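What the coordinates show
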Amino acid sequence: MASGIDKIRSLLDLCRRSKFVDFSFDQHVVQNLRFAPIGQMLMNNLRQQLQQQFTLEAGVAIGQQRISMLTGDGGMTLGENLQHLLRSQRPPITVPLGITVEQCANTCRTALPFTKSMACLEIDSNGPVVCTSYLIEPTHAPHFFHQAQRQRKIWWMRLSANPGRYFISDAHRTESDGCERSVVTLRAHFTEPDSPEKPSNVVELEWLELLAGERLVKDFPKVLLKTSLPSVVNIRQQIDRITLAVLMDALDSPTTNGAVRLHRKIAPFKCAIVSRAKDSARQGELDDLAKHIAYVLRKADISLLDNLCPVLPTGADTADLTAAFDACGVPYVFVLRDESLETGLLELRSRDTTLCETIHLSDLPHYLIKLVRS
């Protein structure tokens with residue numbers, strides 16, 4: 001049986017062969033990591049999902065108050081960001097509040113290796129690191145810290161092809177220079193779950209920490225410290241590593257069969273269209289219908305992978321095209337046939353079930369919007 005590190009490496013090889021990313025291996029280090037255009041689209045979709053999640057977290061009540069969510073400068077410390085935001089925000093900011101910054105991994109001291117000591121596999125990349133810091137009153141901070149762990153785990157489970165692979169580590173607590181620190185990591189196992197705690201079976205995805213103490217807030221604006229010293233909950237994510245982990249999850253399934261099973265919310269392309277007429281004389285009419293459907297979908301801001309994309313085989317039959325769409329992570333494919341011209345009925349194929357349902361042209365784009373946003 002392959003070891004955990006061999007399994008992880010084989011999944012990374014699959015990520016590379018899927019044309020989402022490219023990189024090289026130097027022993028157990030992933031080097032020269034770069035994302036192909038379709039991988040960049042996936043990364044951007046993940047960024048948007050993270051932003052939406054943090055916006056939802058900002059609506060969570062802390063006692064009788066709500067969290068204001070702000071965007072900071074990745075080149076500043078938390079204290080410097082607070083000073084700047086105090087001068088620029090109207091009305092003035094107050095605790096509780098959250099600040100999100102994006103930093104480069106090569107300049108960020110808090111950037112995490114891919115697996116640290118867990119699987120001896122690291123990422124050598126300059127990809128962005130998103131750090132979100134919440135300033136919380138000390139009486140509410142422990143509850144918020146546990147709530148944040150739960151929300152982050154749920155976020156991963158909702159987007160995953162295998163929700164059972166994610167878990168939260170035990171808390172590691174330290175105290176130094178008057179600052180108390182409690183750290184947990186959100187992890188995933190990509191081998192058999194009978195022994196997920198073995199070091200070679202686990203990949204660390206996110207780092208969450210609760211910080212408290214006078215030393216922590218020494219450079220905070222005094223206006224924020226009128227009542228009590230706030231605690232800080234930090235959540236850090238390296239976007240390159242998150243994107244790779246999502247791809248590994250999408251490929252780690254016994255029923256994958258060449259499909260990249262990305263969740264429909266983060267898939268770079270939401271759908272594709274195949275038009276195949278039995279009567280070659282009607283192929284032109286069917287292609288015109290496909291162009292009309294493509295126009296309707298794009299007008300509704302639904303990303304569409306068309307047949308002219310260079311990653312697709314030319315002159316392929318329907319089966320080969322749908323297989324190519326599956327390999328690009330496209331969750332839905334419209335199949336147009338001769339009858340579509342008379343009845344307006346289309347087949348909608350699901351990547352994950354490989355089953356087709358029949359819908360009417362008049363149901364677009366509303367029906368597909370419901371599917372991809374659910």
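The following paragraphs examine the structure supplied in this document. Each chain has its residues counted from 1, following the order in which its sequence is written. Residues qualify for local features only when their pLDDT is at least 70, as the model is predicted, and side-chain atom pairs are given and counted only at 80 or more; totals for whole chains, interfaces and linings, by contrast, use all residues. Values reported for side chains reflect all heavy atoms of the structure, with hydrogen atoms and water molecules removed beforehand.

**What about the overall build of the chain?**
Per the secondary structure count, the chain includes 9 helices and 18 strands. The rule is simple: take the accessible area with a 1.4 Å probe, protein chains only, and divide by the maximum for that residue type; under 20% is buried, over 50% is exposed, in between is partly exposed. Considering the chain as a whole, with its 374 residues, one finds that 51% of them fall into the buried category. For the chain, contacts bridging at least 24 residues in sequence account for 65% of all contacts bridging at least 6. A 1.4 Å probe and the Shrake-Rupley method give the accessible areas. Residues count as covered only by the protein chains that appear here. Accessible surface computed for the chain: about 18200 Å², of which carbon and sulfur atoms make up 51%. The numbering of helices and of strands both runs from the N terminus, where a helix is a DSSP run of H or I of at least 4 residues and a strand a run of E of at least 2. Note on contacts: a residue pair qualifies if any of its non-hydrogen atoms lie within 4.5 Å across the two residues.

**Details of the layout of surface pockets**
The rule is simple: put a 1 Å grid over the protein atoms alone, call a set of points where a 1.4 Å probe fits but cannot get out a cavity, call an open set with protein on both sides within 12 Å along at least five of seven lines a pocket, and count a residue as lining if it has an atom within 4 Å of a point. Grid points are joined across faces, edges and corners, and a volume is the space filled by probe spheres set on the points. Taken as a whole, the second largest pocket holds about 630 Å³ of empty space. Lining the second largest pocket are 19 residues, with Q49, Q52, K265, V372 and R373 positioned closest to its centre. At 6 residues, helix α2 (residues 37-58) tops the list of elements feeding residues into the lining of the second largest pocket. Note on residue classes: Ala, Val, Leu, Ile, Met, Phe, Trp, Tyr, Cys and Pro are nonpolar, Asp, Glu, Lys and Arg are charged, and everything else, Gly too, is polar. Here the lining of the second largest pocket is composed, by residue class, of 7 nonpolar, 7 polar and 5 charged.

**Section: the pattern of salt bridges**
Side chains that differ in charge, positive against negative, can pair when their charged atoms come close. Definition used for salt bridges: Asp or Glu carboxyl oxygen within 4 Å of a side-chain nitrogen of Lys or Arg. All chains considered together, the criterion is met by 15 salt bridges. Across the pair R152 and E206 runs a salt bridge whose closest N-O atoms are separated by 2.7 Å. Here the residue R152 occupies a position in helix α4 (residues 141-159), and E206 occupies one in strand β12 (residues 202-212), the gap between them amounting to 54 residues. We note a salt bridge from E285 to R282, for which the minimum N-O separation is 3.7 Å. Note on E285: relative accessible area 43%, which makes it partly exposed. Among the ionic contacts, a cluster of salt bridges with common partners joins R165, D249 and D252.

**Observations regarding the environment of T71**
By the element assignment, T71 lies in strand β5 (residues 68-71). Spatially, the C-alpha atom of T71 lies 5.0 Å from that of T100, the residues being 29 residues apart in sequence.

**Re helix α5 (residues 239-251)**
One fewer than the residue count of a helix, multiplied by 1.5 Å, yields its expected span. Here α5 spans 18 Å end to end across 13 residues, near enough to the 18 Å set by a 1.5 Å rise per residue. With respect to burial, α5 is a largely interior element, 13 of its 13 residues being buried.

**A word on the nonpolar core**
Ranked by size, the top nonpolar core spans 63 residues in total, and within it V21, W156 and L262 carry the most contacts. Of the residues forming this core, the biggest block, 9 residues, is contributed by α5. Of all hydrophobic cores here, the second largest spans 23 residues; its members include L286, A294, L304 and L348. Side-chain atoms within 4.5 Å are what join buried Ala, Val, Leu, Ile, Met, Phe, Trp, Tyr and Cys residues into a set we call a nonpolar core.

**Looking at the sheet that holds strand β17 (residues 345-350)**
Between any two strands, at least two bridges found by DSSP are needed for them to pair. The 5 strands are arranged β15-β14-β16-β17-β18 in an open sheet whose pairing can be described as mixed. Among the strands making up the open sheet, the edge pair consists of β15 (304-305) and β18 (356-360). Bridge count for strand β16 (residues 332-336) against β17 is 4 bridges, and the pairing is antiparallel. Considered in β17, the bridge of Y332 is made with S350. Contacts between helix α7 (residues 318-327) and the sheet are confined to β14 (271-275), β15, β16 and β17, with β14 contributing the most and set at about 170° to the helix. Docked against the sheet, helix α9 (residues 366-373) engages β14, β16, β17 and β18, running at close to 155° with respect to β16. Between N-to-C directions, angles cover 0 to 180 degrees, with each direction set by a line fitted to C-alpha atoms, over the stretch in contact for helices.

**Brief notes about the environment of M43**
Checked against the element boundaries, M43 lands in helix α2. For M43, a relative accessible area of 5% translates into the label buried. With sequence-adjacent residues up to four places away left out, M43 is seen in contact with F35, I239, D240 and T243.

**Considerations on empty space enclosed by the protein**
A water-sized probe, rolled over the atoms, reveals where empty space remains. On inspection of all chains with the given rule, the structure shows 1 cavity of 30 Å³ or more. Of the pockets and cavities examined, the largest cavity occupies roughly 40 Å³. Residue lining of the largest cavity: W156, L159, S160, Y166, V246 and D249, and that is the complete set. Of all elements in the fold, only α4 and α5 reach the threshold of two or more residues within the lining of the largest cavity. Across the lining of the largest cavity, the residue classes break down as 4 nonpolar, 1 polar and 1 charged.

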